[in-house]
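# Descriptive analysis of the structure
The residues making up each chain are set out below.
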Amino acid sequence: MTNERYKDITVGILALQGSVIEHEQALARIGVRSVQVRKREQLENIDGLILPGGESTTLGKLLGLFGIMEPLRERIRAGLPVFGTCAGLILLAEEIEGEQPHIGVMQMRVRRNAYGRQIDSFSVRERVAEFSPQPMELVFIRAPWIERVYGEARALAELNGHIVAARQNNMLVTSFHPELTDNGCVHAYFADMAVAWKQTDKNK
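The model shown is predicted, which means the values in this text are computed figures rather than measured ones. Along each chain, numbering runs from 1 in the same order as the chain's sequence is written. Per-residue local features are limited, in this predicted model, to residues with pLDDT of at least 70; the limit for side-chain atom pairs, both in listing and counting, is 80 or more; totals at the level of whole chains, interfaces and linings are taken over all residues. No hydrogens and no water enter the side-chain calculation; it runs on all heavy atoms of the structure.

## Some words on the pattern of salt bridges
We apply this condition: What makes a salt bridge here is a side-chain nitrogen of Lys or Arg within 4 Å of a carboxyl oxygen of Asp or Glu, nothing more. Counting from the N terminus, the helices are DSSP H or I runs at least four residues long and the strands are E runs at least two residues long. Accessible area is worked out with a 1.4 Å probe on protein chains only. A residue is then buried under 20% of its type maximum, exposed over 50%, and partly exposed in between.
Per the stated rule, a full pass over the model turns up nine salt bridges. With a shortest N-O distance of 3.6 Å, Asp47 and Lys198 are connected by a salt bridge. Of this pair, Asp47 sits in the loop between β2 (33-37) and β3 (48-51) while Lys198 sits in helix α5 (residues 185-202), and the two are 151 residues apart along the sequence. Given a relative accessible area of 9%, Asp47 falls into the buried group.

In C-alpha cells:
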C-alpha cells in the first residue's frame, strides 16, 4: 500500500546486478512505489535512484555497456536524488583507492572491501542520528569504507574511526546494507529526499 506522503514519487532501483529485490521489499514496507531500471530512458521517469550492493567493477562495466553511465551522471548532476549502498557507494566516489572512478560524482575517497572478505561480514547496533534517534542494525558485507570526504560531502556516521555513511546534496551513501534489516528509516530518509526534490523541481 502506498504511503500518502510518498504517493507522488517513484524510486528506481538499478537492476543490472546486485541486491535489487531486497531494496524493492524495503521500499514496499514503507509504502514507496519502485521500478527496476535497466534502460537509460527510464532515468527520465523516476524521482530517485538506488544503486544497490553487488560488485562495483561489474556494475561499472554494465553501466557503460547498457549506455547508462553518462545519462546517469548528467541526471545526478542535475539533482536527481541517488542512494548508493556498498558497491553503489563505490560507483559514486570521485576517488577509489587503487581503481579508476566509475560515475565519479561524489566528493569522497573510498577503499573497496575494507572490511575484508565475505566471511568477514558482520552486523552491529549503532545510533545514527541523521536517520533515527534509536540504535539501528548496520549490516556489512565485503563492505567499503570512506577514507575521507571533502568539498560539499559530509560524514553522517562513523564506525571505529571510519566513515560508513555520507551525504552530498542529492547524493546519499552507506557502507552498510539497510535493505537487509526490517528498519526502514534509511529508505524513508532517501524517499524524503525524493519528495523534496520533486516538489522543488515542480516549482522551477
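## Quick word on the side chain of Gln107
Put simply, the test is: Any pair of nitrogen or oxygen atoms within 3.5 Å is treated as a polar contact; in protein, a donor-acceptor pairing is required on top of that, and neighbouring residues in sequence qualify only through side-chain atoms on both sides. Whether two residues touch is decided by their heavy atoms; if any such pair falls within 4.5 Å, the residues are in contact.
Within the secondary structure layout, Gln107 lies in strand β6 (residues 106-111). A polar side-chain atom of Gln107 sits 2.6 Å from the main-chain amide nitrogen of Glu152. Contacts of Gln107, omitting those with residues within four sequence positions, involve Glu94, Val149, Tyr150, Gly151, Glu152, Ala153 and Gln168.

## Regarding the environment of Leu16
Within the secondary structure layout, Leu16 lies in the loop between β1 (10-14) and α1 (20-29). For Leu16, a relative accessible area of 16% corresponds to the buried category. Between the C-alpha atoms of Leu16 and Val37, which are 21 residues apart in sequence, the distance is 7.9 Å. Not counting the four nearest positions on each side in its chain, Leu16 is found in contact with Arg38, Leu59, Leu62, Leu63, Phe66 and Ile68.

## Remarks on helix α3 (residues 69-77)
Among the residues of α3, Met69, Pro71, Leu72, Arg73, Arg75 and Ile76 are the ones counted as buried. Where α3 terminates, the next one or two residues include Gly79, which has phi positive at roughly 120 degrees.

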